[in-house]
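Spelled out, the chains give:
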Amino acid sequence: MKRSEQVAHVMNKDLRENRWSFGVYIALSVIATGSAVRFGQNGPAIGIAMPLLVLFGMIVVASLVQCDSPIRADAFWASRPLDPAAVLSAKFTLTVIAVIGIPLLGELIALITNATPRSELPAAIVASAWAYWKWLLLALVIGAVTTDLKSFLVALISIPTVVFLWAWIRAGETARVLLTSVNGAHYPLRDWALVVAGMLGCIALLAQLYRTRAVRPATWVAAFVLLLCAETTPAPFPERAPAAQVSEDLTLSRTTFRVGQNEVGMNRTGFSGGSVS
């Protein structure tokens with residue numbers, strides 16, 4: 001078979017073997033979509049459906065990898081004439097199309113239902129896909145270096161704890177190099193470089209595992225370091241000018257108007273002009 005045919009073959013096999021998991025995942029996506037529509041109409045709120053959807057999506061992705069594990073000696077795919085790159089490509093393709101695509105479709109429905117301006121839809125969808133992809137990449141790597149769901153869940157609890165601690169420590173840093181601004185928030189160039197390098201490193205690590213089918217202590221160290229980089233979230237902070245450098249001329253005026261027999265006065269403040277000191 002050609003490599004593309006191998007990818008399609010592995011994807012069809014994964015869908016058959018995990019059909020119940022995907023059925024539950026689709027149901028959770030529908031529930032999360034309904035919650036997003038309802039919360040959007042009644043004001044902002046945080047429901048439990050979305051965290052459950054993300055967690056279950058990570059479990060589904062880990063199951064996809066572990067059913068064709070790159071490290072188990074009894075892995076079925078290794079006894080077949082399948083290209084390791086085709087097997088890994090099938091996992092990535094199914095993750096993007098099904099695991100990410102289904103909830104993104106639900107989010108798009110919720111955004112349109114809640115009258116979100118069309119100009120804001122692409123940015124919202126891309127931001128959600130980016131955030132979800134980072135979580136699923138975490139699940140892909142952990143699922144590849146573990147052999148069963150139990151060990152995956154233990155690692156899943158441990159590694160994000162360290163990642164969050166690392167992000168919390170880094171959030172206190174004051175020296176930041178600015179890359180871009182979104183809604184008045186800047187993102188450090190160094191953080192973006194770490195994220196991209198970490199993601200590319202994670203993908204390279206997965207390819208190496210499927211090619212060599214061997215896990216060494218250095219593999220765990222590399223996976224941990226790469227995940228720390230890939231899961232580093234650029235922390236936005238508002239753009240503010242120093243108070244000593246920018247000053248405005250504050251004017252205070254009083255407007256008087258009459259309501260019935262009573263005269264009412266109203267103070268009105270405003271800024272006119274500007275100077276840099």
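Conventions and cut-offs
Residues numbered from 1 in each chain as written. Predicted model: local features only at pLDDT ≥ 70, side-chain atom pairs only at ≥ 80, totals over all residues. Heavy atoms only, no water. Helix = DSSP H or I, 4+ residues; strand = E, 2+ residues; numbered from the N terminus. Contact = heavy atoms within 4.5 Å. Core = buried A, V, L, I, M, F, W, Y, C linked by side-chain atoms within 4.5 Å. Buried < 20%, exposed > 50% of the residue type's maximum accessible area, 1.4 Å probe, protein only. Expected span 1.5 Å × (residues − 1). Arc of directions from axis to C-beta. Phe/Tyr/Trp six-rings, centres within 6.5 Å; stacked < 30°, edge-to-face > 60°. Salt bridge = Lys/Arg side-chain N within 4 Å of Asp/Glu carboxyl O.

A.B. asks: How should the side chain of Gln-6 be read in this particular structure?
C.D. replies: Turning to its location among the elements, Gln-6 is positioned in helix α1 (residues 3-17). Each residue touching Gln-6, except ones within four places of it in the same chain, is listed here: Met-1, Pro-81, Leu-82, Asp-83 and Ala-86.

A.B. asks: I would appreciate a short explanation of the nonpolar core in the present structure.
C.D. replies: Buried together is how nonpolar side chains tend to be arranged in soluble globular proteins. By size, the foremost hydrophobic cluster in this structure holds 56 residues, and its most contacted members are Val-99 and Leu-140. Secondary structure elements with two or more residues in this core: α1, α2 (19-42), α3 (49-66), α4 (84-113), α5 (121-145), α6 (149-170), α7 (189-212) and α8 (217-230). Ranked by residues supplied to this core, first place goes to α5 with 13 residues. Residues contacting Leu-140, with those up to four places away along its chain left out, are Val-61, Val-65, Phe-92, Thr-95, Trp-133 and Leu-206.

A.B. asks: Sorry, what's going on with α1 here?
C.D. replies: Since the α-helix advances by 3.6 residues per turn, residues separated by three or four positions end up pointing in the same direction. Helix length check: α1 (15 residues) gives 21 Å between terminal C-alpha atoms against 21 Å at 1.5 Å per residue, within 8%. Of the residues making up α1, those classed as buried are Gln-6, Val-7, Val-10, Met-11, Lys-13 and Asp-14. Buried positions in α1, seen along its axis, are confined to an arc of 165 degrees and lie on one side of it. Residues of α1 that are buried sit in contact with α3 and α4.

A.B. asks: Would you mind going over the packing of aromatic side chains with me for this structure?
C.D. replies: For any pair of aromatic rings, the description consists of the separation of the ring centres together with the inter-plane angle of the planes. Enumeration according to the criterion identifies two aromatic pairs in this entry. Taking 5.6 Å as the distance between ring centres and 45 degrees as the angle between the ring planes, the aromatic pair formed by Trp-77 and Tyr-210 counts as tilted. Taken together, the residues Trp-77 in the loop between α3 and α4 and Tyr-210 in helix α7 connect sequence positions 133 residues apart. Overall, Trp-77 belongs to the buried group, its relative accessible area being 4%. Given a relative accessible area of 1%, Tyr-210 falls into the buried group. Look at Phe-92 and Trp-133: their rings are 6.1 Å apart centre to centre, the planes differ by 50 degrees, and that puts the pair in the tilted class. Taken together, the positions of Phe-92 in helix α4 and Trp-133 in helix α5 put the pair 41 residues apart, joining distant regions of the chain.

A.B. asks: Would you mind going over the pattern of salt bridges with me for this structure?
C.D. replies: It is possible for side chains of opposite charge to pair when their charged atoms get near one another. Under the definition given, this model contains six salt bridges. Among the salt bridges present, the one from Arg-3 reaches Asp-83, with a minimum N-O distance of 2.5 Å. With Arg-3 in helix α1 and Asp-83 in the loop between α3 and α4, the pair connects residues that are 80 residues apart, well separated along the chain. On the accessibility criterion, Arg-3 (49% relative accessible area) is partly exposed. Residue classification places Asp-83 among the partly exposed residues on the basis of a relative accessible area of 22%. With a closest N to O distance of 2.4 Å, Lys-13 and Asp-68 form a salt bridge. With a gap of 55 residues between them, Lys-13 in helix α1 and Asp-68 in the loop between α3 and α4 connect regions that are remote in the sequence. Just as Lys-13 is buried, Asp-68 falls in that class too.

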